[in-house]
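Read off the chains here:
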Amino acid sequence: MGAPQVTWSRSETSISRKVDEKEFWRDNAGRHLYMYLDESGNLDFGRNGTPYFIMTCAVARRPFLACDSLRSYRYDLWEQGQDVEKFHACEDPNDVRKGVYSILSSSHDEYRVYSIYVTKSEVPEDMRTPDAIYAKVFELLINAIYSEEHLAWVESAIVVTDKLPKDAERRKVSRPLKKYMKK
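Position labels on residues start from 1 in each chain and follow its written sequence. Per-residue local features of the predicted model are confined to residues with pLDDT of at least 70, and side-chain atom pairs are confined, for both listing and counting, to 80 or more; whole-chain, interface and lining totals are unaffected and use all residues. Neither water nor hydrogens contribute to the side-chain values; these are computed over all heavy atoms in the structure.

Engineer: I keep staring at the packing of helix 2 (residues 66-79) against helix 3 (residues 94-106) and nothing clicks. Help me out?
Structural biologist: Pairs of packed helices are described in terms of their axes, by the angle between the two and the distance that separates them. For the pair helix 2 and helix 3, the least separation of the axes is 10 Å and the interaxial angle reads 160°. As judged from the angle between their axes, helix 2 and helix 3 are roughly antiparallel. Handedness of the helix 2/helix 3 crossing: right-handed. Contacts from Ala-66, Ser-69, Leu-70, Tyr-73 and Leu-77 of helix 2 reach helix 3 at Asp-95, Val-96, Gly-99, Val-100, Ile-103 and Leu-104. For helices, the fitted axis covers only the stretch in contact; all axes are lines through C-alpha atoms, and the angles between them, taken along N-to-C directions, range from 0 to 180 degrees. Only DSSP runs of H or I reaching four residues or more are called helices, and only runs of E reaching two or more are called strands; each is numbered from the N terminus. Roughly parallel refers to an angle under 35 degrees, roughly antiparallel to one over 145, roughly perpendicular to one between 65 and 115, and oblique to any angle outside these ranges. For a crossing to be left-handed, the near helix must be turned anticlockwise from the far one by less than a right angle; the clockwise case is right-handed. Contacts are assigned to residue pairs with any non-hydrogen atoms lying within 4.5 Å of each other.

Engineer: Can you help me understand the pairing of strand 2 (residues 32-41) in this one?
Structural biologist: Residues in a regular strand project their side chains so that they alternate between the two faces of the sheet. A pair of strands is considered paired only if DSSP assigns at least 2 bridges between the two. Both strand 2 and strand 5 (residues 156-161) contribute to a ladder of 6 bridges, which runs parallel. Within strand 5, the residue paired with Tyr-36 across the bridge is Val-160. Across 8 bridges, the pairing between strand 2 and strand 3 (residues 52-60) is antiparallel. Across the sheet, Gly-41 pairs through a bridge with Phe-53, a residue of strand 3.

Engineer: Looking at this structure, how should I read the nonpolar core?
Structural biologist: The tendency in soluble globular proteins is for nonpolar side chains to be buried as a group. Met-35, Met-55 and Leu-141 are the most contacted members of the largest nonpolar core, which has 21 residues in total. Those elements that place two or more of their residues in this core are strand 2, strand 3, strand 4 (111-119), helix 4 (130-148) and strand 5. The leading source of residues in this core is helix 4, at 7 residues. Not counting chain neighbours up to four residues away, the residues in contact with Leu-141 comprise Leu-37, Met-55, Cys-57, Tyr-114, Ser-115 and Ile-116. We define the nonpolar core as a collection of buried residues of types Ala, Val, Leu, Ile, Met, Phe, Trp, Tyr and Cys that are connected through side-chain atoms lying within 4.5 Å of one another. Each residue gets one of three labels from its accessible area relative to the maximum for its type: buried under 20%, exposed over 50%, partly exposed in between, using a 1.4 Å probe on protein chains only. In terms of nonpolar packing, the next biggest core, distinct from the first, is built from 8 residues, Ala-66, Leu-77, Val-84 and Ile-103 among them.

Engineer: What is the right way to read the side chain of Asp-92 from this model?
Structural biologist: Structurally, the position occupied by Asp-92 is in the loop between helix 2 and helix 3. Here Asp and Glu are counted as negative and Lys and Arg as positive; His is not counted, and neither are the chain ends. The rule for a salt bridge is simple: a side-chain nitrogen of Lys or Arg has to be within 4 Å of a carboxyl oxygen of Asp or Glu. Put simply, Asp-92 is tucked away with no salt bridge, and the nearest opposite charge, on Arg-97, sits 6.7 Å away. Side-chain atoms alone can form a polar contact between residues adjacent in sequence; in general such a contact is a pair of N or O atoms within 3.5 Å, and within protein one must be able to donate a hydrogen while the other accepts it. Of the polar contacts made by the side chain of Asp-92, one reaches the backbone nitrogen of His-88; its length is 2.8 Å. Those residues in contact with Asp-92 that sit more than four places away from it in its chain are Lys-86, Phe-87 and Arg-97.

Engineer: How do you make sense of helix 3 when you look at a structure like this?
Structural biologist: Residues that lie three or four places apart on an α-helix share one face, since the helix turns once every 3.6 residues. One less than the number of residues in a helix, times 1.5 Å, gives the span that helix is expected to have. With 13 residues, helix 3 ought to run about 18 Å at 1.5 Å a step, and its terminal C-alpha atoms sit 18 Å apart, in line with that. Among all positions of helix 3, only Val-96, Gly-99, Val-100 and Ile-103 are buried. Down the axis of helix 3, the smallest arc covering the buried residues is 95°, so these residues share one side. Those residues of helix 3 that are buried lie in contact with helix 2. Along the arc lie the directions from the helix axis toward the C-beta atoms.

Engineer: I'm lost on the pattern of salt bridges in this one. Help?
Structural biologist: For the structure on display, the rule yields 3 salt bridges. Here Glu-139 ties to Lys-136 by a salt bridge, and the two come within 3.4 Å at their closest N and O atoms. Of this pair, Glu-139 and Lys-136 both sit in helix 4, 3 residues apart, which is roughly one turn of the helix. For Glu-139, a relative accessible area of 22% puts it in the partly exposed group.

This is the structure:
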């Protein structure tokens, strides 16, 4: 089997299609690795920059059993008059975050979470560029995922991010990720 294919998706955009259940399980069971990436901090190394840059990746494969519980929870919130388009820990009220964390905690064996923490003050001057940081972060992240997971079954990696606004930003992330996914 060759290197996994990388597909990018934005979590804000969802595309649905009806799939015959038997066809789905025959064709897709366990062949695709889902990687949900989110970063915290920024890559500004000046006085206004954050002290850390953190990249977190939640890794899962289908079926996503927590999905139904999260969807139902969102409907409960709507019925209580709360306008919840999506769940986002930084933006959600504390009670909503607790509800989401409770659901995720009850399904903890369905996914694994990996994080890379960069203490920016310790980064050498020649590495203080987005390309260099992303390349190193993805090298460490992918190595950790590959050393911990049993990935012989993976034919493709589907990478989901909350936003990659500019093509240039997208390339800064996708180029190093594709490079390390080929290993």
